[in-house]
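Structural overview for review
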Amino acid sequence: MQSVAQPLEEVQKIFCRTPGGKKAGRLIQHFTQYASKVYGFSQMVRQAKDGRKQPRIKAPAIFTVAFFGAFFCMESMEQMDRWQKTGVFRQLVPKNIRLPSHDTVRQALMKWDLKEQRKQHNCVIQRYKEQRGPQKESINGWRVTAIDGVELFHTKAYRCPECLTREHRDKTTDYYHAVVVAQQVGGNANLIYDWEMRKPQDGVDKDEGETTVAQRLIRRMAETYGKITDVYTLDALFAKAPVIHAALDAGAHVVVRMKEERRRIMKEANACFANRLPDSTWEERDGKGNTVYVQAWDEEGLAQWPQVRVPMRIVKIIRHTNKTVIEANKEVFVTDVVERWIATTCSSEKADTQTIAQIAAARWDIENIGFRNLKTFNALDHCFVHDSVAIKAMIGFQVLAFNLKRLFFFHHLPASRHRDVPLRYLIDEMREATRWVSLHLYRWVWEWGLSTA
């Protein structure tokens, strides 16, 4: 009778022999070494804390499983349990340390030390700043940060003390959580610098708005990191004087997408642009390689936004994109015309029109790279534990995993990564390598943390 272990041994041999398996094993081993040497990951493991009393499985083991669960893009706590049973985390924790079940992880996250977790996140960003990462990822010398808000998840069945509420016309109520994120954009790493949860109503008529959270976020970034960004790029929702003033007080400029054509400043700018030729034109390529012909009008010193304490500069951009589409099984050449309006506090002497256009376009990185990756691959929109502390702790692990992952692949190994291989496939192979390849990863993950287990 054939033993059950025999097929697993055969799979292990096959995986270890394949070039992909060998490469994935080297990658996950290199990542643990890099994270511990450069960003003190093993110190984070040692310093992990939660509020449970005399737990059998202590915080360092919870930290390791929760972090690498986020790093390997787990979709639920049940998937974490399946990975644990199939050996995904076994090499990441010393043999004498018991692995936690998903129920144990839930209980620990509900009492997680959020101050210590925030301190760990800040250390990563500070180290990135010391390495001149923001400057290396700049746009024409400008360090750019995008701010945007995103709804995480919603439910009609359960409400925690920090749930936001939304009432519908049919008298039903949604309970949801939302977060405002500040992310570096325009380069390759695209780190998440900071995030802030929206707070529920506290006796007023509505929940806290995104613009209020954005002001708090900008102020905290300045207090924590100092001068880490030169420009905040925002969408039309944040085109409010208090947000602009918060950025100016932090020593940064703003580049804002404008949509409200009824604003006085927009009407004044439109009157200036109506009877004159474009101030500048250029050609560029979009993400799909299509040729884009750009016309731009630029006017500064406009004071028709009385709530803002400084004159603003308005840039109008018309993009003509030439592309081929399929209509009735035939290739048809078409030209898409898109008009954009941008308001900024940057003078034309400091940043030319094309630079302002590039900064405004970079704002989409927070959607295309940040929120898209975190929601699609890291299940940011999934409620792992509906508890106010656990939600913040899980976001902290997802952001930490996202940042260290981006730093490793795009900041540390830019020449080594195959550009034609999606990052998620490499992550999947690295996860499988922890099951089949003998790597002893705990030597790096737990280098200084063994005594605390």
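Residues numbered from 1 in each chain as written. Predicted model: local features only at pLDDT ≥ 70, side-chain atom pairs only at ≥ 80, totals over all residues. Heavy atoms only, no water.

Digging into the overall build of the chain
- The number of helices and strands found in the chain is 16 helices and 10 strands.
- Here the C-alpha atoms of the chain give a radius of gyration of 25 Å, agreeing with the 22 Å that 2.2 N^0.38 yields for 453 residues.
- Working note: accessible area of the chain is about 21900 Å², and carbon and sulfur atoms make up 48% of it.
- In the chain, 69 positive and 53 negative side-chain charges are present, and the distance between their average locations comes to 6 Å. (Helix = DSSP H or I, 4+ residues; strand = E, 2+ residues; numbered from the N terminus. Rg over C-alpha atoms; globule rule 2.2 N^0.38 Å. Areas by Shrake-Rupley, 256 points an atom, 1.4 Å probe, with all protein chains shown as cover. Lys, Arg positive; Asp, Glu negative; His and termini not counted. Charge placed at Lys NZ, Arg CZ, Asp CG, Glu CD.)

A closer look at the domain arrangement of the chain
- Per the domain assignment, the segments making up the chain are domain 1 (18-112 + 388-446) and domain 2 (115-378).
- For domain 1 and domain 2, the distance between their C-alpha centroids amounts to 31 Å.
- Roughly 2700 Å² is buried in total at the junction of domain 1 and domain 2, and carbon and sulfur atoms are behind 62% of that figure.
- The largest contributions to the domain 1 side of the interface with domain 2 come from F402, R406 and H411, which together make up 22% of the buried area.
- Where domain 1 touches domain 2, the interface holds 1 salt bridge.
- As a salt-bridge pair, E162 and K392 come within 3.2 Å of each other at their nearest N and O atoms.
- The interface formed by domain 1 and domain 2 includes 10 residue pairs in polar contact (both at pLDDT 80 or more).
- Secondary-structure elements contributing two or more residues to the side of domain 1 that touches domain 2 are α2 (19-39), α3 (41-47), α4 (59-71) and α14 (388-412).
- Of the residues forming the side of domain 1 that touches domain 2, the biggest block, 18 residues, is contributed by α14.
- Counted by class, the side of domain 1 that touches domain 2 contains 19 nonpolar, 6 polar and 5 charged residues. (Domains from an automatic or database assignment. Buried area = accessible area lost by both parts, 1.4 Å probe. Salt bridge = Lys/Arg side-chain N within 4 Å of Asp/Glu carboxyl O. Polar contact = N/O pair within 3.5 Å; in protein donor to acceptor, adjacent residues only side chain to side chain. Nonpolar A, V, L, I, M, F, W, Y, C, P; charged D, E, K, R; others polar.)

Focus on the packing of aromatic side chains
- Per the stated rule, a full pass over the model turns up 19 aromatic pairs.
- Between R363 and the ring centre of W364, over which it is positioned, the NZ or CZ distance is 4.8 Å. (Phe/Tyr/Trp six-rings, centres within 6.5 Å; stacked < 30°, edge-to-face > 60°. Lys NZ or Arg CZ within 6 Å of the ring centre and 35° of its normal.)

Here's the deal with the side chain of K316
- As for its position among the elements, K316 is in strand β9 (residues 312-327).
- In contact with K316, other than residues within four places in its own chain, are N270, F273, Q295, A296, W297, E339, R340 and W341. (Contact = heavy atoms within 4.5 Å.)

Some details on the nonpolar core
- Among the nonpolar cores identified, the biggest contains 105 residues, and F67 and F68 are the most heavily contacted of them.
- Two domains share this core, each providing at least three of its residues, namely domain 1 (18-112 + 388-446) and domain 2 (115-378).
- Setting aside chain neighbours within four positions, we find F67 in contact with F31, F41, F397, L400, A401 and L404.
- With 38 residues, the next largest nonpolar core counts M197, V231, I369 and L374 among its residues. (Core = buried A, V, L, I, M, F, W, Y, C linked by side-chain atoms within 4.5 Å. Buried < 20%, exposed > 50% of the residue type's maximum accessible area, 1.4 Å probe, protein only.)

Structural notes on the pairing of strand β1 (residues 144-155)
- In terms of residue burial, β1 counts as a mostly covered element, since 10 of its 12 residues are buried.
- Both β1 and strand β3 (residues 173-185) contribute to a ladder of 11 bridges, which runs antiparallel. By the bridge assignment, T145 is partnered in β3 with Q184.
- As paired elements, β1 and strand β5 (residues 231-234) share 3 bridges and run parallel to each other. Directly across from A146, in β5, lies its bridge partner T233. (Pairing = 2+ DSSP bridges.)

Notes on α14
- Helix length check: α14, at 25 residues, gives a terminal C-alpha distance of 35 Å against a target of 36 Å (1.5 Å per residue), a fit within 8%.
- Burial analysis of α14 places 22 of its 25 residues in the buried class, which makes it a mostly covered element.
- You can read the cap of α14 off the contacts: a side-chain oxygen lies 3.1 Å from the backbone nitrogen of V389, and it is on D387. (Expected span 1.5 Å × (residues − 1).)

Regarding the pattern of salt bridges
- This structure, assessed with the given rule, holds 25 salt bridges.
- Between K323 and D336 there is a salt bridge, and its shortest N-O distance comes to 2.7 Å. Here the residue K323 occupies a position in strand β9, and D336 occupies one in strand β10 (residues 330-344), the gap between them amounting to 13 residues.
- Since its relative accessible area comes to 32%, D336 is described here as partly exposed.
- Connected through salt bridges with shared partners, the residues R118, D194, E196, E208, R216 and R220 form a single ionic network.

Some points on the pairing of β5
- Covered by surrounding structure in β5 are V231 and T233 together with Y232 and L234, the residues of both alternating faces.
- The sheet contact formed by β5 and strand β6 (residues 253-258) spans 4 bridges and is parallel. In the strand pairing of β6, Y232 is matched with V254.
- Each parallel crossover has a hand, and the one from β5 via helix α10 (residues 241-249) to β6 is right-handed. (Right-handed = clockwise from strand over helix to strand, strands pointing away.)

Some thoughts on the packing of helix α5 (residues 77-85) against helix α6 (residues 102-109)
- The N-to-C vectors of α5 and α6 enclose an angle of 130 degrees; their axes lie 9 Å apart at closest approach. The pairing of α5 with α6 is recorded here as oblique in orientation. Contacts between α5 and α6 involve M77, E78, M80 and D81 from the former and H102, V105, R106 and L109 from the latter.
- Class assignment for the residues of the contact of α5 with α6 results in 4 nonpolar, 1 polar and 3 charged. (Axes fitted to C-alpha atoms, helices over the stretch in contact; angles between N-to-C directions. Parallel < 35°, antiparallel > 145°, perpendicular 65-115°, else oblique.)

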